[in-house]
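# Structure at a glance
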Amino acid sequence: CDAILLSDYNIGTLTENVINCAIEEAHKYGKIITVDAQENLGRYSNVTCLTPNQPDAEKAVGYSINNFDDAIRAGKDLLKIFSPKSIISLPSYNDP
């Protein structure tokens, strides 16, 4: 495989052990690991890519994202907090 996708919708399938093992193995074999998670982004650090939605990003950074500048700030903060190589997200704010 070339990549691992952890899709976590908070239903209990991805335990801490599964998450940690997947991240460890991805690093061991140089694979891409992308996380599409709802709610608990704190379970995922040092992955290739995070794809948080706006409410989950806001919860993780501790402030509202109301415009483009907030989104850029939140993206930088998420990079600092979780150390992914990239973040992909489409904010839902209405910035003219």
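Residues numbered from 1 in each chain as written. Predicted model: local features only at pLDDT ≥ 70, side-chain atom pairs only at ≥ 80, totals over all residues. Heavy atoms only, no water.

### Describing the overall build of the protein
Of the regular secondary structure elements, the protein holds three helices and four strands. Ordered by position in the sequence, the α and β elements of the protein form the string β-α-β-β-α-α-β. Against the 2.2 N^0.38 benchmark of 12 Å for 96 residues, the protein shows a C-alpha radius of gyration of 14 Å, consistent with a compact globule. Dimensions of the protein, computed from C-alpha atoms along their principal axes, come out at roughly 45 × 25 × 20 Å. Considering the protein as a whole, with its 96 residues, one finds that 34% of them fall into the buried category. Surface summary for the protein: the accessible area is close to 6000 Å², and the carbon and sulfur share equals 52%. (Helix = DSSP H or I, 4+ residues; strand = E, 2+ residues; numbered from the N terminus. Rg over C-alpha atoms; globule rule 2.2 N^0.38 Å. Buried < 20%, exposed > 50% of the residue type's maximum accessible area, 1.4 Å probe, protein only. Areas by Shrake-Rupley, 256 points an atom, 1.4 Å probe, with all protein chains shown as cover.)

### Considering the nonpolar core
Grouped together as the largest cluster of nonpolar side chains are 20 residues, with contacts concentrated most on Leu6, Ile33, Val35, Tyr44, Val47 and Leu50. Put simply, the parts of the chain that give this core at least two residues each are α1 (16–28), β2 (32–37), α2 (54–61) and α3 (68–82). Among the elements that make up this core, the one with the highest residue count is α1 (four residues). Excluding residues within four positions of it along the chain, tyrosine 44 makes contact with Leu6, Asp8, Leu14, Ile19, Val35, Ala37, Leu50 and Phe82. (Core = buried A, V, L, I, M, F, W, Y, C linked by side-chain atoms within 4.5 Å. Contact = heavy atoms within 4.5 Å.)

### Regarding the sheet that holds strand β3 (residues 49–50)
Pairing is parallel across the open sheet formed by four strands, whose spatial order is β1-β2-β3-β4. The strands lining the two open edges of the sheet, one partner per strand, are β1 (3–8) and β4 (86–87). Pairing between β3 and β4: two bridges, direction parallel. Following the sheet pairing, leucine 50 is matched in β4 by isoleucine 87. Contacts from α1 reach β1 and β2 within the one sheet, and its direction differs from that of β1 by about 160 degrees. (Pairing = 2+ DSSP bridges. Axes fitted to C-alpha atoms, helices over the stretch in contact; angles between N-to-C directions.)

### Thoughts on the packing of α2 against α3
One way to put it is that α2 packs onto α3 with a least axis distance of 10 Å and a crossing angle of 60 degrees. Handedness of the α2/α3 crossing: left-handed. Each of Ala57, Ala60 and Val61 in α2 lies in contact with α3, whose residues at this interface are Ala74, Asp77, Leu78, Ile81 and Phe82. By residue class, the composition of the contact of α2 with α3 is seven nonpolar, no polar and one charged. (Left-handed = near helix turned anticlockwise from the far one by under 90°. Nonpolar A, V, L, I, M, F, W, Y, C, P; charged D, E, K, R; others polar.)

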